[in-house]
Amino acid sequence: MSVDAVTAFFEVGAACIGWQNVYRVYKDKEVKGLWAPGTVFFLAWALWSLFMYSHFVMWWSLAALLARIGANIAWLSLVWYYRRRKTGAIQQTGEQVNG
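The rules behind these values
Position numbers for residues start from 1 in each chain and track the written sequence from start to end. Reporting in this predicted model follows two pLDDT cut-offs: at least 70 for local features of residues, and 80 or more for side-chain atom pairs to be given and counted; totals over whole chains, interfaces and linings ignore these cut-offs and use all residues. To get the side-chain values, take all heavy atoms of the structure and skip hydrogens and water. Helix numbering and strand numbering both begin at the N terminus, where a helix is a DSSP run of H or I of at least 4 residues and a strand a DSSP run of E of at least 2. Note on classification: 1.4 Å probe, protein chains only; a residue is buried when its accessible area is under 20% of the maximum for its type, exposed when over 50%, partly exposed between these limits. Only heavy atoms matter for contacts: two residues are in contact if any of them lie within 4.5 Å across the pair. N or O atoms within 3.5 Å of each other form a polar contact, as long as, within protein, one can give a hydrogen and the other can take it, and as long as residues adjacent in sequence are counted only when both atoms are side-chain atoms. Any residue with an atom within 4 Å of a point lines the site, the site being either a cavity, points on a 1 Å grid over the protein atoms alone where a 1.4 Å probe fits but cannot get out, or a pocket, an open set with protein on both sides within 12 Å along at least 5 of 7 lines. Grid points are joined across faces, edges and corners, and a volume is the space filled by probe spheres set on the points. Simply put, an axis is a line fit to the C-alpha atoms, just over the touching stretch for a helix, and the angle between two N-to-C directions goes from 0 to 180 degrees. Any angle that falls under 35 degrees is termed roughly parallel, while one over 145 is termed roughly antiparallel, one within 65 to 115 roughly perpendicular, and all others oblique. Crossing handedness is read from the near helix: turned anticlockwise from the far helix by less than a right angle, it gives a left-handed crossing, and turned clockwise, a right-handed one. Classification convention: Asp, Glu, Lys, Arg as charged; Ala, Val, Leu, Ile, Met, Phe, Trp, Tyr, Cys, Pro as nonpolar; all other residues, Gly among them, as polar.

> Tell me about the environment of aspartate 4, and please be specific about residues and values.
Mapped onto the secondary structure, aspartate 4 falls in helix α1 (residues 3–28). Residue classification places aspartate 4 among the buried residues on the basis of a relative accessible area of 12%. Excluding anything up to four places from it in sequence, aspartate 4 contacts Met58, Trp59, Trp60 and Ser61. One polar contact links aspartate 4 to serine 61, side chain to side chain, over a distance of 2.6 Å.

This is the structure we're talking about:
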């Protein structure tokens, strides 16, 4: 088995875990138990890996990495949205606006 295939396997696993986190935040409509700066770090690492995988011609890893990057961006977007909604910066659906 090639290094690319093994790395892609781990990237797919990381993407699955990331998308599970996205699902939980979406379902719960709030952020519980995860630290956003940790995800920012792993997103930065993933962006570095874009360069590295293409440099070392690891195309399977690169393809799997895109799913992980998507999960990180989706999760951070939901964290941002639900935290703003909790503070009142974003109005919840169905609420009436006074005035």
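> Could you give an account of the environment of phenylalanine 10, with specific residues and numbers?
Within the element layout of this structure, phenylalanine 10 appears in helix α1. We classify phenylalanine 10 as exposed; its relative accessible area is 57%. With 67 residues separating them in the primary sequence, phenylalanine 10 and serine 77 have C-alpha atoms 24 Å apart.

> Now, about the side chain of glutamate 11: what can you tell me, with residues and values included?
Mapped onto the elements of the fold, glutamate 11 is located in helix α1. Its relative accessible area of 6% is what places glutamate 11 among the buried residues. Excluding its chain neighbours within four sequence positions, the residues that come into contact with glutamate 11 are Tyr53, Ser61, Ala64, Leu65 and Arg68.

> So what's going on with unusual backbone geometry? Residues and values would help.
In this structure, lysine 29 is a non-glycine residue whose phi angle is positive, near 60 degrees. On the secondary structure map, lysine 29 appears in the loop between α1 and α2 (36–55).

> Could you give an account of the layout of surface pockets, naming the residues involved and the relevant values?
In this structure, the largest pocket occupies an estimated 400 Å³ of space. Considering the residues around the largest pocket, the lining is formed by 18 residues, among which Ala14, Gly18, Phe42, Arg68 and Asn72 are closest to the centre.

> Summarise the packing of α2 against helix α3 (residues 59–87); cite the residues concerned and give the values.
Describing two packed helices takes the angle between their axes plus the distance from one axis to the other. At their nearest, the axes of α2 and α3 sit 9 Å apart, and the two run at 155 degrees to each other. In terms of axis orientation, α2 runs roughly antiparallel to α3. For the element pair α2 and α3, the recorded crossing hand is left-handed. In terms of residue class, the contact of α2 with α3 is made up of 17 nonpolar, 5 polar and 2 charged.

Any functional reading would require information beyond the geometric quantities listed.
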